[in-house]
Structure formats: C-alpha cells, structure tokens
Amino acid sequence: MAKLDSKERIVLKAFAEFDLSKAPGFSPSSPRSIRSVAISKVSDSQTLIYIGTEGGKVILLSLNLSSAIISSSGQINVNENGFKPIEFSGNDSSSSENFDFVRSVSVSDFSVDSIHVFAEISKILVLADGFLFSLDTLLLQPVRKLGFPKGVTALAKRLSFGNSASLDWFEDGVPKSEFSTAGQRFLQKLGGGIKANSMKSRVSDVQGEGSCVIAVAAGKRLILIELLLPGRTNRDIDVGGFFVVLNEIQGIDGVQTMVWLNDSIIVGTVNGYTMFSSSTGQSIPIFTLPESSGLPFLKTTWRHKQAILLVDNVGIVVNAVGQPVGGSLIFRHTPDSVGVVGLYVIVVRDGRMDLYNKKTGVHVQSVSFAGQGVGQCVLADEESGSGELVVVATPSKAICYHKVSAEEQIKDLLRKKNFKEAVSLVEELEYEGEITKELLSFVHAQVGFLLLFDLHFEDAVNHFLQSETMQPSEIFPFIMRDPNRWSLLVPRNRYWGLHPPPVPLEDVVDIGLMAIQRAIFLRKAGVDTAADEDFILNPPSRADLLESAIQNIIRYLRVSRDKDLSPSVKEGVDTLLMYLYRALNHVDEMEQLASAPNSCAVEELESLLDDSRHLRTLAFLYANKGMSLRALDIWRLLARNYSAGLWNDPTVESDSEDSHINLISSQTTAAVEASKLLEESSDQDMILQHLGWIADVDQELAVKVLTSKKRANQLSPEKVLETVDSKKAEIHQRYLQWLIDDQDSDDTRFHSLYALSLAKSAIETVGMESTYQNHGQRRLEEMDITDVESGTISRNPIRERLQSFLRSSDLYDPEEVLYLIEGSELWLEKAVLYRKLGQETLVLQILALKLEDSEAAEQYCAEIGRRDAYMQLLDLYLDPQDGKEPMFTAAVRLLHKHGESLDPLQVLESLSPDMPLQLASDTILRMLRARVHHHRQGQIVHNLSRAINVEANLMRLEERSRHVQINDESLCDSCRTRLGTKLFAMYPDDSVVCYKCFRRRGESTSATGRNFEQDFIFKPGWLVNRQL
C-alpha cells in the first residue's frame, strides 16, 4: 500500500485501506471518484470517517483504532505498481477487520466538494453544487438541504482562543467576549433579529446550550452563522431551527478557501489572500498571488492556533492577525492538499505524501501510496483532539495512517545511528508537551550508551550529564568488573535493548576496534557499513581511546559528586574515581581527592595504592578517614626513605644537581603533613612517638605540634620534657616559653628550667662569638662600619630572650641560674640576678665597672630611691679597686646630674686627693650654690605657709563674729516659715534657714541649692589685698 524510503524516519504508518469499488451500492457504471474526506474521533478506540464522492454520495466508515494499529505491525508486500495493498478478511469484501462500512447516503447529483464535521452538535455539513446539506453524524436521519445561503463556495469553523475563546453565550446567542470593543457590539444587535445590512434576520427564539459558529462564503458575502443543537429551538421560519444568522460582511467574490482564527477571517481567491475582521467587517490584504500561481489553499493548525497559506509549493505560517510566524515551508511540488499532525505538515500530490517539520521545515518522511498519474488526491486530519490519524484518498481508495508513537520514532532514529536527529526530536516533543521530561532524560542516557559503545566517549558523557534520571551507579560496570562491592547498586535498566550490556572500558575499546577493523575489511571488499567514517580513514590507537574513555568517565564522576546521592553510591563514585585517577597516574588529582572530604572505601584502595607506590595518596586517605597512626607511619617511612626512591614526585626532576634540594624538600613535605595530623590529635603516645623524626627534619614543626591549640586535650609537660631530646634546646626553650607565656604556668620548675636552658644556650653562643672574634678579626675589620654600628654583629637574640625573662619572671631560682653563669661573661645577666637577690653593691659594680654603663647604674640608683646609692656609686667611680684607674669623667657626670641630692660634705670627703681640681671645681661650686638656693627656698615656703595659716584663722574669726538681725517678719529661705524666736542657721552665701531645714539640708547645701563642697566661695584676705 505504501512505499517507504528506508533511510527516512517513520512518522506515519498505514494500517487500513478502503477500496471504493468494493463498497456496497456502487455499480461499475456509477462515478467512483473520491472528492472529499473528513475524520471524526468518537472515542479513543473508535473513529468515524466520511468520504464524499463525485456522484454526490457520503460514505460512513468506522475504524477500530486499537485493533487496527496492532494488526498493522506485520509486513505488507509491495506490488509492481509501487504501492502496498491491504489484504482484507472477513465475510464483507468491502471492509477489513479494522475498517467497517456503516452506510452511505445520497446527498446530491453533483460532486461532494467538502465535508465538515461538528461533533459538538452531532451534525455534519456537506457542500455540494453551492448548497449546504445537513446530516447527523451517523447518517440515520434524512438529508436536509439548506435553502439559505446559496452559492456557497467555502465555509470555515471558528477557532477561538485567548480573550475571545469564551463560549458563555447570552440568551440571544452572542458570546460575552464579543462585546469587548464598541465595534463588536453588532453581534448583540444581530441577536435581536437585525442583520448588518438592516434586513430581518431569521433568528429563532433559542434557549439552552450547545452551538458553534461558522463563516460561509457565498458570492461576495461572508455570512456568520451559529449552528444550534437539535431541540435548542422549537420554531424557525426559514431553516427549521438549525442555525441563526449572526452577521453578514461584504466580502469579495471567488472565495475558494477560508479559515477563521479568533476575530480574523482569512479567505483565499485566485488573486490572493485577504483578512476580514468578524467584529468590524474591515478587510486587509495579506498576500497577492501571481497570475501563474496555483490555486489558493488554507489550513488551520489547531494546536498552535495558526494557519498555513499555500503559495505554489511554499507554505507560509501566519498567526491570528495575519503576521508570518517563523520561516516558510518549501515543498517539493505544489500540493493537492495539506494537513497537520503533531509537529508535522503533510502534503500530498500524485500518489505521494511528504512530511515536513513545521518548525524547521526539514523534510522528514516520504510515502508513495499510489502510482503517478493517479489523479487529484485529498487529505484529511483530525482538526481537534489528539491528532493521531490521517486519511489520504485517491480517486478510488482511501488509506488511513496513524502517527507512530514518539518512542518508536526515537528508537528508529537510534537504530540508524541518527543520534542528533533523535535528540532534536525528543527536545521538540518535550517542548510541545507530547513527552515527559523523564523520557527526555531517558533518551539522553540511551544515546550516551550507544555513543559509548561507538567509541565517542566525549559525546557520550555529554549526554550522560544532560540526563537527570541516570544514576552514576550505571557507570560502575564500565570501570570495575562484576561481581564487586557495588554490583547490587547498578540499576537493571535495559533501556530499549539497543546497546550491549555494560562491560569494562578495556573491553569496550577492544570490541570497538574489532568492529572498525571489520568495517575496513568490508569497505575494501566493496560492502558499505555503518561504521564511523573518521575511524575508518584514521583508525585510532587503543591507548588513545582508552585514555579518552577514562578522562571522560572521570569528568562524569566529578560532576556526579555534587549530586545528592545515597552513601553507598557516593562511596562507589569516589572509590572508582580514585581508580581512574590511578590508571592515568594523575597524582595531583589523587592527592586532592584523598585529602578532601570523600567517601572512598579505604579497604578497596589501600592494596592498590601500596602496590603502585602512591604512598602519599594513601597517607592522605588514611588521614581523611581518621586512621592517623597508619598515615603517620607512611609519612615517617617517606621522610626517611625518599632518597631510596620509595616515592617519586612526577613534578620534580631527577637531575643530580638538584637531587639534594629535592630530597630536603620532599622530607620537609612529609614532616609538614605529619605535623598537621599531630597538631589536631590528643593521643599523647602517638604524638611523642612521631615527634622525634619530625624534629630531625624541622624543629619548627615539632614546636608547632607541641604548642598546637587545635587539640582538645593538651599534652603532659612532664612527659614532653622527658621525651624531647635534650640536645634540641630550641624545642625545649620554645615549649617552656609557650607554657609560661601562653598557658600562664606558674610552676617554678618550668621557669627555672627555661632560665637554665636559655643560660646554657647563651653561654654557648658567647663562646662561639669569642672564637669567631679571635679567628676572624681581619674579616671584621673589612666589614662595613655601618654593620658594626647597627649592632648586627654583637646582637644576640638568645641573650636578649634570657635578659627579658630574668627581668620579667620572679618564679625561677636566681641562685641556681647564677651558679650556672658564674664563670661566664654574662655580666648583664649576672646584674639582673644579683638585683633579684638584693645585692645592690654587686649590681652597681657590674654596671659601673664591668659594663661601664653609667646610665644603667644611675637608673638603678634611682630605682633604689636612696641618696646613699648615688654616694655608693660615686665611691665606686672614685675608687674602683683591683688596680683600675679612677673614673673621674663618670664621677663628674654623676655629680653634675645628681649632685643636688648629695651631701656636699660627704662628697668633699669622698673626693680623691689625686682628682684634678679643675674637673670638680665647677661641679662643687654649683652644688654649694644649689644647696644655699634650696635652703632659702625652704625658708620662703615656710614663711608663706605661716602667713596663709594666720589669714585663714583671721577669716574664720570674722565669719564667726558676723551679726544677723532677725525680726518678726524674717522668713526661712527654704520653707518660708516665720523664724521668730526659732533657732536658725546662716550659710556662707548669706541665706538663712530654720533649724529644721538646716538639719534636713545639711551643712554643705544652702537654701539656694549651692553645694559648697563643689562650688567654693573665695573671699580675698589681707594677704591677697596687700599683694594687689
């Protein structure tokens, strides 16, 4: 019955055929040509098909959809004429088990031009010889010829949507939405019985529900008619209560085709297409046809509320206001008829049916259902409903096609390896709402697996990532052979059985390479294959394919890690991701995954990583899983055996010149990672066990471990001090300093240990400096003088720490420290210790004589706070003992600065006879003058104090001897009561209050509110007045 191109996609499939010559009541001499076809879907399982013949008959066929579609799945033979006839079965030769002939009626002696089904009112209208004939949908009632209108050339049912889609009629039969503008109020008026041309309309008195609106082209008029349900009215003068004329619009002559979208009526003539407004009657030309153009044709697309205008072999899609939508559709030939099913536009001509994608214009399918020269072909589709059926008719036969399900279409494309077309189709179907989003994800996954087995790994993973329903566990069998730890997690999705079962990537690559080799062999033998052309011309290597496969699977698993997965699936994703990283030796990625939060199964990876010597990754993994002891053992092993080659860093070159630097860097890296674990651990035994080798690599890291604040419970200081090697003084000192400064420890043992440790280090440093100075005097002389002045040579951080601690702490044993440094050159430290012991003389001797630091000595005397301290210092300067020369300059400086506080007699007695007089004369003279000046200043202060005391006593006497006159009219300044003979008090500001108010207010606050303790009253006395 139909000849299909095997390379095209199957959208429509024939499943039933009706032969007009075998229909009952048709003699061989009667006209048999089919002129029109219409479809009416009664239910999901039954459809009525109306066929109009050239002889004026209407044939009703019934089609059982469910059985018809099932029976059409078998093979149909193709005859020599190029089309597929259907073998009928059963007793009636005019029907198959799917197509049933119901009945036929004669409507006219002329050809049936078109059939229009109105299922909402259970009527059909037949157009023949310019008249309309009314029949019921089952052709049971007599045919009714409508006398009005006459000369009908086309009719169209209104397709309403948007604001005009309301079918809520008034009593006069006009939809409410028609009154949205003033220009549309004509419908309401017409409902009252007046036409647009002021003629009486044949309006029946209607009540009830159920109607539809059509437009009829008759001559130069467009008549708008409302069709009514039977029983809607009980009388109608002209038409027997079948319709009501709503309006007449002055149109154009020669209308051959027409559609009605919302408020717009688009008509087609041989001259072009014109749009009329059903509410105002105004017309607008849309398109003018050239003289040589074919006949006009209009077709509505019910789903998209649009229309297709045919101009020769070009279909133009317009909206309800006549504006083009999208691109034009270019057909191969000028079609005889046009239909729409789903996303596709169907055209027929010369026994051939072509399908085009309505949105893109791409040709999708061609079907030959009759030989060339068969004559005029007609096409009918479901103008409403699901739109799954299409009937194509030649003059002698009618063939019914059903749309293949979306799933079958997709399968067919995938079998032909048209992956892009399949995905494009799925996306279109999902956008149109014909399939669910889940099916879209399902198809992406299916396409991904097919591409995977075709060795297009990047494209395969791209489709995997677009699938929202695919589970990462479906990839597990491609990485690890079954059975394994996660075999039960793999969903048993067979998809559509288009690809083989999952196997490891190595097997996928091997199978694919074998297929390529087979295709190359067949190509040489002249046999065409479906293998990839690029692979045949440039066969890839196994290593490249396997690397590409692993890299792309890694990409998919990395994205999957961010999804919300179950714990077991997360474990599989992370573990197998580590497998793949290890297969490509991606060390950085392995270590990053192992050190970051992950769900890797350690027991599945430890032997693998150990065998491949990826010990760093294994250590990171152990640490991440809380297995710190195993991780530390690995880091210790690596730190001690890097030079033996237990681990090779791919980023570090093995050049002999840099081998030593690389070794040190690698050892430090191991110590750093181990210290990170120990800083957070509270396991004292484990920390002290691994502290030694970390200290051997870097003592700073060991100090960080001991002084870490990250651990919950701090270590025992006694255990730490016992464990740490005594030779590592820096660790001891830093740890003790941390205990004292940060932990605020007041344990005298720790303070003494810290002081002793610093003292030992200082002694060693001083000894080294002495040796350096003895053997490097020449180098010292050659050094820049600025370095010497800046103190870079003599500066000793250890001594600075020791001196600072000795001054600040009072909890160490100074005698023990002093005993240690007694024979050393640490004179400043000895001065601090003697000061702690209260031996002032020794302190001054060290500062003044040993260190010759006059400022420090004088500062110490000031801290002592006694005058005899300066005299003692002066005696040391003048008589230093031990054969040293007197320090006359320091003595003069001391007398100059602090001589005023010294007794001149004692100073004179202390001066040495050997001291030059000219050095001390000025200082002694200044001391004597200052002594006399201080004496006279004291006398002045004494006399002034006596004068002030006398003045104060005099003022007090004057205040007490003041007289106040009180009479009968005197009032208390506070309570305003008469004083009379009452006791009263007077404040310094002359306010008078009664004794009661005085007791209440007190002595400091007067009746005016002045507080004399804060706001004093000054009255100048005789001394001030005398000075003024």
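Here, the structure is the one placed above.
I will try to describe carefully the structure that is included in this document. Here the structure is a predicted model, which is why all the values come from computation and not from measurement.

**Examining the sheet that holds strand E9 (residues 131–136)**
In step 1: Read across the sheet, 4 strands follow the order E7-E8-E9-E10 without closing on themselves; strand pairing throughout is antiparallel. Two strands close off the open sheet at either side, each with one partner strand: strand E7 (112–118) and strand E10 (144–146). On average, adjacent strands in this sheet sit at an angle of 25° to one another, irrespective of strand direction.
In step 2: Here E7 pairs with strand E8 (residues 123–128) via 6 bridges, running antiparallel. Each bridged residue has a counterpart across the sheet, and for serine 114 the counterpart in E8 is leucine 127.

**Here's the deal with a negative patch on the surface**
In step 1: A cluster of acidic residues, Asp741, Asp742, Asp744 and Asp746, forms a negative patch at the surface.
In step 2: Along the chain, aspartate 746 falls in the loop between helix H20 (729–741) and helix H21 (748–775).

**Description of the environment of valine 992**
In step 1: With respect to the secondary-structure elements, valine 992 resides in strand E31 (residues 992–994).
In step 2: Distance from valine 992 to threonine 1008, taken between C-alpha atoms, is 9.9 Å for residues 16 residues apart in sequence.
In step 3: In this structure, valine 992 is in contact with Ile966, Leu971, Cys972, Asp973, Leu979, Phe984, Ala985 and Met986, ignoring residues within four places of it in sequence.

**A short note on the pattern of salt bridges**
Side chains that carry opposite charge are capable of pairing whenever their charged atoms lie near each other.
In step 1: Enumeration according to the criterion identifies 40 salt bridges in this entry.
In step 2: With its nearest N and O atoms 3.3 Å apart, the salt bridge here joins glutamate 17 to lysine 397. Here the residue glutamate 17 occupies a position in strand E2 (residues 12–19), and lysine 397 occupies one in strand E29 (residues 397–403), the gap between them amounting to 380 residues.
In step 3: With relative accessibility at 3%, the residue glutamate 17 sits in the buried group.
In step 4: Sharing partners across several salt bridges, the network here consists of Arg303, Glu388, Lys403 and Glu434.

**Re the sheet that holds E2**
In step 1: If you walk across this open sheet you meet the 4 strands as E2-E29-E28-E27, and the pairing is antiparallel. Either end of the sheet is taken by a strand with one partner, and the two such strands are E2 and strand E27 (378–381). Direction aside, neighbouring strands of the sheet carry axes that sit 20° apart on average.
In step 2: Sheet topology note: the E27/strand E28 (residues 389–393) ladder contains 4 bridges and is antiparallel. From the neighbouring strand, leucine 379 faces E28, where its bridge partner is valine 392.

**Examining the packing of aromatic side chains**
In step 1: In total, this model carries 17 aromatic pairs according to the counting rule given.
In step 2: Seen from their ring centres, phenylalanine 442 and tryptophan 496 are 5.0 Å apart, and the 65° between their planes marks the pair as edge-to-face. Of this pair, phenylalanine 442 sits in helix H5 (residues 437–453) while tryptophan 496 sits in the loop between helix H7 (476–479) and helix H8 (505–524), and the two are 54 residues apart along the sequence.
In step 3: What makes phenylalanine 442 partly exposed here is its relative accessible area of 23%.
In step 4: A residue is classified by how much of its surface remains accessible, and tryptophan 496, at 15% relative accessible area, is buried.
In step 5: When the ring of phenylalanine 620 is compared with that of tryptophan 635, the centres are 5.3 Å apart and the planes differ by 75°; the resulting orientation is edge-to-face. Taken together, the residues span a long stretch of sequence, with phenylalanine 620 in helix H14 (residues 615–624) and tryptophan 635 in helix H15 (residues 628–641) at a distance of 15 residues. Per residue, the accessibility class of phenylalanine 620 equals that of tryptophan 635, and both read buried.
In step 6: Following the ring pairs from residue to residue traces out a cluster consisting of Phe442, Phe449, Phe453, Phe464, Phe478, Tyr495, Trp496 and Tyr556.
In step 7: Geometry around tryptophan 827 places lysine 830 over its ring, the cationic atom sitting 4.0 Å from the centre.

Reading the values: the criteria
Residues numbered from 1 in each chain as written. Predicted model: local features only at pLDDT ≥ 70, side-chain atom pairs only at ≥ 80, totals over all residues. Heavy atoms only, no water. Pairing = 2+ DSSP bridges. Helix = DSSP H or I, 4+ residues; strand = E, 2+ residues; numbered from the N terminus. Axes fitted to C-alpha atoms, helices over the stretch in contact; angles between N-to-C directions. Patch = residues over 30% accessible without salt bridge, like charges linked within 9 Å, V, L, I, M, F, W, Y side chains within 5 Å. Areas by Shrake-Rupley, 256 points an atom, 1.4 Å probe, with all protein chains shown as cover. Salt bridge = Lys/Arg side-chain N within 4 Å of Asp/Glu carboxyl O. Lys, Arg positive; Asp, Glu negative; His and termini not counted. Charge placed at Lys NZ, Arg CZ, Asp CG, Glu CD. Contact = heavy atoms within 4.5 Å. Buried < 20%, exposed > 50% of the residue type's maximum accessible area, 1.4 Å probe, protein only. Phe/Tyr/Trp six-rings, centres within 6.5 Å; stacked < 30°, edge-to-face > 60°. Lys NZ or Arg CZ within 6 Å of the ring centre and 35° of its normal.

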